[in-house]
Amino acid sequence: MEYTDGYKAVIECLDDPRQPIYVKKQFKIFKDICEDKHPEFTMNYETLERAYSILKVFNMPDADEASLTYGKSVYECYMDYEFVLFEAIHGVVYRENPKMMAYREVLLEVARKNFKTFWAATEYGVRFFLSPKNTMMYVVAEDKEKAKLIKTFLEGIIDATPAIKYLPEVKIIKQKKVQKERFKINNDEITYPKYNIKCKFLAYNNQSAVNNKGKDGFIPRCYIADEAGTYPNSYVINALKTGQANEPNALGIILSSKYAKLNNPFEKRVKLAKDMLDGKIPNTGTFALLYEPDTPDENAWRHDDLVLHHANPALKHNPWLLKSRQNLRQQALNDPDYEAEFLTKVCNIICTDVQTQYVPTNLVKKSMVEHIDWTGREVYIGLDLSTTDDNTALAIIDSDVSERITADVYAFVPSAKIKVKEHREHVNYTQFIKTGKVLACGEKVIDYGNIIDFIIKWERENQAIIRGISIDPFNADDVINELDLLGYDVTLTTQHSRILHAPTKFLRECILTNRFTCEYNEFLLINFQNVICTRDTNLNSYVNKKLSAGKIDEVAALINAVYLARKEALNPTQDVFVNTFIVE
C-alpha cells in the first residue's frame, strides 16, 4: 500500500465532522480499496503514477498576484476531494483485470464556487495525454457558453504551461527557433491533431430536447455533463452512456449543484447513488461524492457552520472562503429575498422562493417511508378531480389526525395523454407509473370508473374501513352518485377559504414539526415543490392552483382528506375550518 494524496485525504476526513455522511461512506470504500481490503477492486499504482506525472506538469492559469493560486501548479492547488476523485478515476481497477478501470461514472454534487468545473477541465487536460488515438470527448451543459467554461479553463492551463502548449520538436525558421503548438483550438472544439483526439462542446436544454435526433450517434471515450440539474430530462446523459457501451475504460463525469426543483436528471442520480452507498442496490461502477448537509434541522443553516462545510469542501482549505460564505449567510438573514438563492446555491438545499413556498420539500422527503401497513385501519379519502383530460389525485389518510397525519397519495393520468404531458410539463410520467404511485387511467380522458374500482380494491386488500370521502363538487356529479350508490359516505368539500384554511394550515404544521408520514412518492414531492401560497385581502394564506409552478393535485387531495378527518374528529356536526381556499 502507498500513502497517496487521496489516501491521506481520506484518512484525515473520515473523522472530520465537516464531511457529510455520504461522502464518508464513499471515502470508507476508497480507503478499503487503498488498503487492499475490497473484494472486487484494488489500486494500480503504475497507471495512477502515470496520470499524476501529467497533472504535475500543469500550471494554474494566470491570476492576480493576490490570488492564492498565483505562480503555483495545478497539483499544488488540488483539494482533498479532487485528489480522491483523481485517484478513483486513474488508480482503482478490477482485481481480476488490473488494466480495466473500475469506475465508469463519477457523480459530484457540490455547492457553487467549489472549483468543480475547473477540476473537470484538469481531468480532460490529463486525458488528452492518456487517451488512445481517435478519441472523442464531449462537454454538455445547458447552453454552449456554459459548456465552454471548461474550454476556457483548459485554454488557461495550456497557455500557462509551455511544456504542453508546444510540441517538443524545434524548427529553425529565418534563424529563429519555432515550436509548433500542440493543440488546435477553435470555437466549438479542442483537438490534439497528432493523435486525432477531440473535445467538443454541446448544449442541451428545453429547446434542444424537443428534437433528440442525432444524439444517439455519440461514441464518447469520456463525457462531462456540467450542471446536470438544469437538464430538462436524462436523454442526453443516457445517450452518451449508451454510446460508451463498447469503449474500454470509458468515463462519464456528472456535475451539479442543487437547483430549485426536485424533478431533474441529477437528483435522480443522486438518489441512485445514495441507494448504492447504503447497500440497497448493487453499484454499477459509480463513484459519488455528495456534498449536501446532513442535519435534519431546517433552521441549522442560520447559525451552524457545519451546513456550510457539508456543502462546500473548499472551505476546509481556505479560511477566507469560509468567511465569504458566513457573510452571504448574514445577507440571507437580513434579506428574505436572498434566502432561497443562498440555501440552494451556497448550502445545497433545494429551496424555492421562501416567500411563496408552502413547505420545504426536503422536509416532505424526510417524512417519507418505504411502506405503511394499512391493514385494518380506519381512513378518510380526499379526491381532487380533473377537468376531463388532466390529472386526478387520491389521498388516503389515517382517521386519527389528533396530533399527526399518516398518508398515501396516488395520481391518475389519461394513458393517451402521457407523451404530450411529458413534453409539456417536463415530468417523466412513464417512470412514475412504474413506481405504482401514478396510474394510467382511461385513454384521452380520465375514466372515473377505474378510480372507483381502485378505491374498492384498496379497501378490500387492506381490510380497511373508509369512514368518508371528501370530494371537490366541481364536475363530480357522476362520481358522487356512484360512490353514494356503493354505500360510501361522501362529503362535498367546497373549495373556499371558509372551508380549507385550517386543514391547509394543519398539514403544513405537521410537516414542519415532523408529524407527517407518507409512503415514498417522488411525484408527490414535485407537487409540493410546485405549490405556491399567497394571501387574500384578509391576509389569509391559500394554495393557488393558477399561480403554482405545475401540478399540485396531490396536495389538494391531501388537504381535502385532512379537512374531512379533522372535521369529523373535532366537531362532526358543523364546519370548523375557515378562511383559506384553493383557487381553481
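Procedures and definitions
Once a new chain begins, its residue numbering starts again from 1 and follows that chain's sequence as written. Only residues with pLDDT of at least 70 get local features here, since the model is predicted, and only at 80 or more are side-chain atom pairs given and counted; chain-wide, interface and lining totals rely on the full set of residues. Calculation of side-chain values draws on the structure's entire complement of heavy atoms; hydrogens and water are dropped beforehand. Axis lines are fitted to C-alpha atoms, over the contacting stretch for helices. Their N-to-C directions set the angle, which ranges from 0 to 180 degrees. Every helix listed is a DSSP run of H or I at least four residues long, and every strand listed is a run of E at least two residues long, numbered separately from the N terminus. For classification purposes, angles smaller than 35 degrees are called roughly parallel, those larger than 145 roughly antiparallel, those between 65 and 115 roughly perpendicular, and all remaining angles oblique. When the near helix sits turned anticlockwise from the far one by under a right angle, the crossing is termed left-handed; a clockwise turn instead gives a right-handed crossing. In what follows, a contact means two residues having at least one pair of non-hydrogen atoms within 4.5 Å. In this scheme Phe, Tyr and Trp rings, the latter by its six-membered ring, pair at centre separations within 6.5 Å, and the angle between planes marks the pair as stacked below 30 degrees, edge-to-face above 60, and tilted otherwise. Only protein chains enter the area calculation, which uses a 1.4 Å probe; residues under 20% of their type maximum are buried, those over 50% are exposed, and those in between are partly exposed. Salt-bridge detection follows one rule: a side-chain nitrogen of Lys or Arg within 4 Å of a carboxyl oxygen of Asp or Glu. A pair of strands is considered paired only if DSSP assigns at least 2 bridges between the two. Polarity classes work like this: nonpolar for Ala, Val, Leu, Ile, Met, Phe, Trp, Tyr, Cys and Pro, charged for Asp, Glu, Lys and Arg, and polar for all others, with Gly in that last group.

A. A look at the packing of helix H1 (residues 5-13) against helix H2 (residues 21-34). H2 packs onto H1 with a crossing angle of 130° between their chain directions and a minimal axis gap of 10 Å. Between H1 and H2, the crossing angle belongs to the class labelled oblique. The handedness of the crossing between H1 and H2 is left-handed. Across from Gly 6, Tyr 7, Val 10, Ile 11 and Cys 13 in H1, the residues of H2 making contact are Lys 24, Phe 27, Phe 30, Lys 31 and Cys 34.

B. Quick peek at the packing of aromatic side chains. Inspection of every chain in the model, using the stated rule, returns 27 aromatic pairs. When the ring of Phe 432 is compared with that of Phe 523, the centres are 5.5 Å apart and the planes differ by 50°; the resulting orientation is tilted. With Phe 432 in helix H17 (residues 429-435) and Phe 523 in helix H21 (residues 522-530), the pair connects residues that are 91 residues apart, well separated along the chain. Assessed through its relative accessible area of 5%, Phe 432 is described here as buried. On the accessibility criterion, Phe 523 (3% relative accessible area) is buried. Aromatic ring contacts, followed pair by pair, group Phe 30, Phe 41, Tyr 94, Tyr 103 and Phe 287 into a single cluster.

C. Inspection of the pattern of salt bridges at higher detail. Under the criterion given, the structure shown has 36 salt bridges. For Glu 35, the salt bridge goes to Lys 37, with nearest N and O atoms at 3.1 Å. Owing to a relative accessible area of 56%, Lys 37 belongs among the exposed residues under this scheme. Linking Lys 316 and Asp 80 is a salt bridge whose minimum nitrogen-to-oxygen distance equals 2.5 Å. Of this pair, Lys 316 sits in the loop between helix H12 (305-311) and helix H13 (319-334) while Asp 80 is found in helix H5 (residues 80-91), placing the two residues 236 residues apart along the sequence. Neither Lys 316 nor Asp 80 differs from the other in exposure class; each is buried. It is possible to trace a salt-bridge network through shared partners that takes in Glu 109, Lys 258, Glu 267, Lys 274 and Glu 292.

D. Summary view of the sheet that holds strand S2 (residues 92-94). Ordered by their spatial adjacency, three strands build an open sheet running S1-S2-S3, and the pairing between neighbours is antiparallel. With partners counted over all chains shown, the strands left at the sheet margins are strand S1 (41-43) and strand S3 (97-101), one partner each. Direction aside, the axes of adjacent strands within the sheet are offset by 55° on average. Here H5 sits on the sheet and contacts S1, S2 and S3; the angle it forms with S2, its principal contact strand, is near 30°.

E. Structural context of the sheet that holds strand S10 (residues 197-203). Taken together, the eight strands give an open sheet; going across it, the order is S8-S9-S10-S5-S11-S12-S4-S13, and neighbouring strands pair in mixed fashion. The open sheet terminates on both sides in strands that have one partner only, identified here as strand S8 (184-185) and strand S13 (286-290). In the sheet, strand S4 (residues 105-109) pairs with S13 via five bridges, with the strands oriented parallel. Bridged to Glu 109 within S13 is Leu 290.

F. Spatial organisation of the packing of helix H3 (residues 45-55) against helix H6 (residues 116-130). Running from N to C, H3 and H6 point in directions that differ by 115°, and their axes come no closer than 9 Å. The angle between H3 and H6 falls in the class roughly perpendicular. When you trace H3 past H6, the crossing you get is right-handed. Each of Arg 50, Ala 51, Ile 54 and Leu 55 in H3 lies in contact with H6, whose residues at this interface are Thr 122, Val 126, Phe 129 and Leu 130. Considered class by class, the residues forming the contact of H3 with H6 number six nonpolar, one polar and one charged.

G. Quick look at the environment of Ala 88. As for its placement among the helices and strands, Ala 88 is situated in helix H5. With 58 residues separating them in the primary sequence, Ala 88 and Phe 30 have C-alpha atoms 7.5 Å apart. Those residues in contact with Ala 88 that sit more than four places away from it in its chain are Phe 30, Tyr 103 and Phe 287.

H. Structural view of the pairing of strand S17 (residues 405-413). Burial of S17 is extensive: nine of the nine residues sit out of reach of the surface. Of the two faces of S17, both are covered, the one formed by Ile 405, Ala 407, Val 409, Ala 411 and Val 413 as well as the one formed by Thr 406, Asp 408, Tyr 410 and Phe 412. In the sheet, strand S16 (residues 392-398) pairs with S17 via six bridges, with the strands oriented antiparallel. Bridge pairing in S17 links Leu 394 to Tyr 410. Between the antiparallel neighbours S16 and S17 lie six residues. For S17 and strand S21 (residues 516-519), the ladder comprises three bridges, and the chain directions are parallel. Across the sheet, residue Thr 406 finds its bridge partner in S21, namely Thr 517.

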